[in-house]
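Survey of secondary and tertiary structure
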Amino acid sequence: SLGGHSASWTPAGAAAAATWSLLSAAPQALAEDLPMTYGASQLGGRKCGVAVSALDEGGGQPFSSAMLRIGAAHGLAWQTDWSSSYVQVGFTPVDYEQVRLVPQFWGKDAGTFEQVRLPLTSVILGFNEPDQAVMGGTGIEVMQALDLWMIQVQRAQLMGYTEFVAPSIAQSLPSRYTGLEEGGGSEWLPDFLQGCLTRPGCPESIDYLGFHLYEPNCVTDPDMVRQWSMNVRVGSMKKLRDEFNAKGMNIKGLWLTEFAGRSGEDGKCQTLQQQLGWMQVVVPMLNADLDVVAYSWFSYGAGRSPFFNDNANLWDYATGQLNQLGEAYFTLCSGHSWEAPAPTVQPSQPVWTAPPVPVPVPVNPGLSPAPWQKPVFTPAGPGPSVSPPGPADGAATGSSSGRSAVWLHVLSVVLLLGVAVGGTWSLFWYRRQLRTGQDIDLPPLLLDALAMLDSTVHSICTIVKRIVRVDMAACSGGRVGCLAVCSDSGEDSIDSTGSLSPTETAAMEALRLQQPQLATAITASCKLLSDRRAFENECENVFQSLRRAVLQLPSPSSSSGFFGRIRSDTEGAMAFEGVPTKVSVWEFVLLFAEKRRFYEAQANEVCQRLELSPAWAQALARNPKLRQRRAALLRPSIAGV
């Protein structure tokens, strides 16, 4: 199966009876009296989720886009399908409407990450049930999980993900967290968090704790549900969070990434009615808990998959509609009833009516409000549309004010053109000074402004090239014309056709004859700067090739006085000194060090070798932004302390 569907969270047999006898508390309020609290801002302030996939598991009709739209219309806030990719086959972003898709790097091989865009959120789930290797678990050892976590977090951050849910565990925590009798429970998540504290950048990467909750008996007594599901299960996760926040972490809340009834040997959760009994009690409690920011019901069972005997489906897979359990779930988790409104008598003439004042609901400003939060302006009856009250039609505007407005527009256009022309001239002058090696005698503030303008133009050009899918074939034949006009290199004198000048082409060919491995590595590094996806996938191999080639160059000798003797002859030295893409190579090495922090020492080693060359050191010195980034690399990192 796809998700982790474990009963190991659940008490069983005599141990269960002993556990229940230890649990006691004052009578609790009925579920329907519990308040509703708001969830994660990335989900529009709502908690209501579902874990379900469109993958056909051979048990009948899989989950479809039509079923998703029905869920969206009934208050579904988010969905997860155990995948790190974009929408599944057969789905489109339009199908999600207000629903947000929360991806997950599921196991050891997380697959590919997609750039964050709707319906994806900026939060991503960690490994699925790494604390067990059965019933959908991934079974990853703690130390290996930490190594993979640091890699996957960096990959996801490059794609725009900003918040991370720690690996979702299947088993209960040890007794020091649950408060139950000694024995049992898994140390996996406490060990993972403790190991995370020792790794630079890891504590800051964990924003939420994730866990699963499966009820074996589908009990309906509010006191029993509160004691086991809330006080023990949810409460133990809160204790774990508080412990590691006291050690320096900043864990903001809990994500219940899978929950449902799952029968033990006595089959007490097999039917929809049994599932419904427990759901009606536990969901309002989850709604009322401020620390639970999101939860997702695992919709599984009959008509969906041959791997389960229980029926926890929210949809009727034969009709594609919500079943009784689904209607109850979305009513409970959204706080809204979904009965069809009674018909109203429409007046014969259209009447404009002011919209009702919406009830304030915390909604992420970056997301659209839920359907029931949208004030709608509509005519109260059939007929032509009626506009809201406004100025009388035909109101005249004075001719003098009209002429003033025209002149104001003309003046604005002239000023904008002047700024554009001046900025363009200044940028070309700045680049020309860098290419010719002339000193730029300007105040530091103005010099920094020109460097920032140069960087902005490069970013814009890079985006444009990605949109129009610029042919990168020029990078494959030993040329470095892939940098084109928008090269990040201030000294790379590349003409408007995107190719090197004859002198620079000759310089690259000379390097290729003297040191082909170094020339190939330089060309490859230039190519990766123009393709973000290729950089992410290939940067480590290219960097290692470049590093080997650079470190194989002979050290500066006392007789020569300069670096770059590819051979002992003058031609070899001039070939390396004359490389026309020095700034691009600097950019690649520094960017690689920033994106792959665990290679900082190796990147610093390459930089130190390059700085021994007067020409390469001068190329770095002329670029204020590169100088700043090089200085940051020289600072002692946490990893090196």
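Quick note: structure is the one above.
Notes on the structure follow. Per-chain numbering applies: the sequence of each chain, read as written, is numbered from 1 onward. Only residues with pLDDT of 70 or above have their local features reported here, since the model is predicted, and side-chain atom pairs are shown and tallied only from 80 upward, although totals for entire chains, interfaces and linings are computed over all residues. Only hydrogens and water are set aside; all other atoms, that is, all heavy atoms of the structure, feed into the side-chain values.

Thoughts on the side chain of Asn311
Comment: elements are numbered from the N terminus, with helices defined as DSSP H or I runs of at least four residues and strands as E runs of at least two. Within the secondary structure, Asn311 is located in the loop between strand E8 (292-298) and strand E9 (315-316). Exposure categories follow from relative accessible area, calculated using a 1.4 Å probe and restricted to protein chains: below 20% of the type maximum is buried, above 50% is exposed, and the middle band is partly exposed. By relative accessible area, Asn311 is classed as buried at 17%. One polar contact links the side chain of Asn311 to the main-chain amide nitrogen of Asn313, over a distance of 3.2 Å. Residues adjacent in sequence count toward polar contacts only when both atoms are side-chain atoms; beyond that, a polar contact is any pair of N or O atoms within 3.5 Å, and within protein one must be able to donate a hydrogen and the other to accept it.

Looking at unusual backbone geometry
Cis peptide bonds are those with omega within 30 degrees of zero, and the linkage from Leu118 to Pro119 qualifies with 5°. Tracing the backbone shows Pro119 in the loop between strand E3 (100-101) and strand E4 (123-125). One non-glycine residue, Trp82, lies in positive phi territory at about 65°. Considering the arrangement of structural elements, one finds Trp82 in the loop between strand E2 (78-80) and helix H3 (93-96). On the basis of relative accessible area, Trp82 is assigned to the buried category, the value being 9%. Although it is not a glycine, Glu129 adopts a positive phi angle of roughly 45°. Along the chain, Glu129 turns up in the loop between E4 and helix H4 (142-158).

As for the state of the cysteines
We call a pair of cysteine sulfur atoms a disulfide when they lie within 2.5 Å. In this structure the tally under the stated criterion is three disulfides. Shown here is the disulfide that connects Cys196 with Cys202, its sulfur atoms set 2.0 Å apart. One quick way to see it: the torsion about the S-S bond of Cys196 and Cys202 is about -115°, and its sign makes the bridge left-handed. Of the two residues, Cys196 and Cys202, both sit in the buried class. Shown here is the disulfide that connects Cys218 with Cys269, its sulfur atoms set 2.0 Å apart. Taking the torsion about the sulfur-sulfur bond, which here is approximately 130°, the covalent link between Cys218 and Cys269 counts as right-handed. Highlighted residues: Cys218 in the loop between strand E6 (208-215) and helix H7 (222-245) and Cys269 in the loop between strand E7 (253-261) and helix H8 (272-288), separated in sequence by 51 residues.

Thoughts on the packing of H8 against helix H9 (residues 324-334)
Whenever a helix is involved, its axis is fitted only over the stretch in contact; in every case the axis is a line through C-alpha atoms, and angles between N-to-C directions fall within 0 to 180 degrees. Look at H8 against H9: their axes get within 9 Å of each other, and the N-to-C directions meet at 10°. Relative to H9, the element H8 is oriented roughly parallel. Within the contact between the two elements, H8 uses Leu272, Gln273, Gln275, Leu276, Met279, Gln280, Val283, Pro284 and Asn287 and H9 uses Gln324, Leu325, Ala328, Tyr329, Leu332 and Cys333. When the residues that make up the contact of H8 with H9 are grouped by side-chain class, the tally is ten nonpolar, five polar and no charged. Between 65 and 115 degrees an angle is taken as roughly perpendicular, under 35 as roughly parallel, over 145 as roughly antiparallel, and anywhere else as oblique. The contact criterion used throughout is that any non-hydrogen atoms of two residues lie within 4.5 Å. Polar here means any residue outside two lists: the nonpolar Ala, Val, Leu, Ile, Met, Phe, Trp, Tyr, Cys and Pro, and the charged Asp, Glu, Lys and Arg; Gly therefore counts as polar.

Focus: helix H6 (residues 188-197)
What sets the pattern is the α-helix's 3.6 residues per turn: residues three or four places apart point alike. Most of H6 sits inside the fold, with seven of its ten residues counted as buried. For H6, the set of buried residues is Trp188, Leu189, Pro190, Phe192, Leu193, Gly195 and Cys196. The secondary structure elements touched by the buried residues of H6 are H4, helix H5 (175-178), E6 and H7.

Quick notes on the nonpolar core
Proteins that are soluble and globular tend to have nonpolar side chains buried together. In this structure, Trp149, Phe192, Ile206, Trp255, Phe259, Trp297 and Tyr329 are the most contacted members of the largest nonpolar core, which totals 102 residues. Setting aside its immediate chain neighbours within four residues, Ile206 contacts Trp149, Phe164, Ala166, Phe192, Leu193, Cys196, Met249, Asn250 and Ile251. Take the buried residues of types Ala, Val, Leu, Ile, Met, Phe, Trp, Tyr and Cys, join any two whose side-chain atoms come within 4.5 Å, and each joined set is a nonpolar core. Counting 39 residues, the second largest nonpolar core, distinct from the first, contains Ala519, Leu528, Val583 and Leu590.

Digging into H4
Every helix has an expected span of 1.5 Å times one less than the residues it contains. Here H4 contains 17 residues, and its C-alpha end-to-end distance of 24 Å stays within 8% of the 24 Å for a straight helix at 1.5 Å per residue. Among the residues of H4, those classed as buried are Val142, Ala145, Leu146, Leu148, Trp149, Met150, Gln152, Val153, Gln154, Ala156 and Leu158. On its buried face, H4 sits against strand E5 (163-165), H6, helix H14 (532-551) and helix H16 (582-595). Among the residues trailing H4, Gly160 stands out with phi positive, at a value near 105°.

Considerations on the pattern of salt bridges
Any carboxyl oxygen of Asp or Glu within 4 Å of a side-chain nitrogen of Lys or Arg constitutes a salt bridge here. For the structure shown, the criterion picks out 20 salt bridges. A salt bridge links Glu187 to Arg176, with the shortest nitrogen-to-oxygen separation between them at 2.8 Å. Of this pair, Glu187 sits in the loop between H5 and H6 while Arg176 sits in helix H5, placing them eleven residues apart in sequence. Residue class for Glu187 comes out partly exposed when judged on its relative accessible area of 32%. One salt-bridge network, in which partners are shared between bridges, spans Lys238, Arg241, Asp242, Asp289 and Asp291.

Everything listed here is a matter of coordinates, which is why it stays silent on function.
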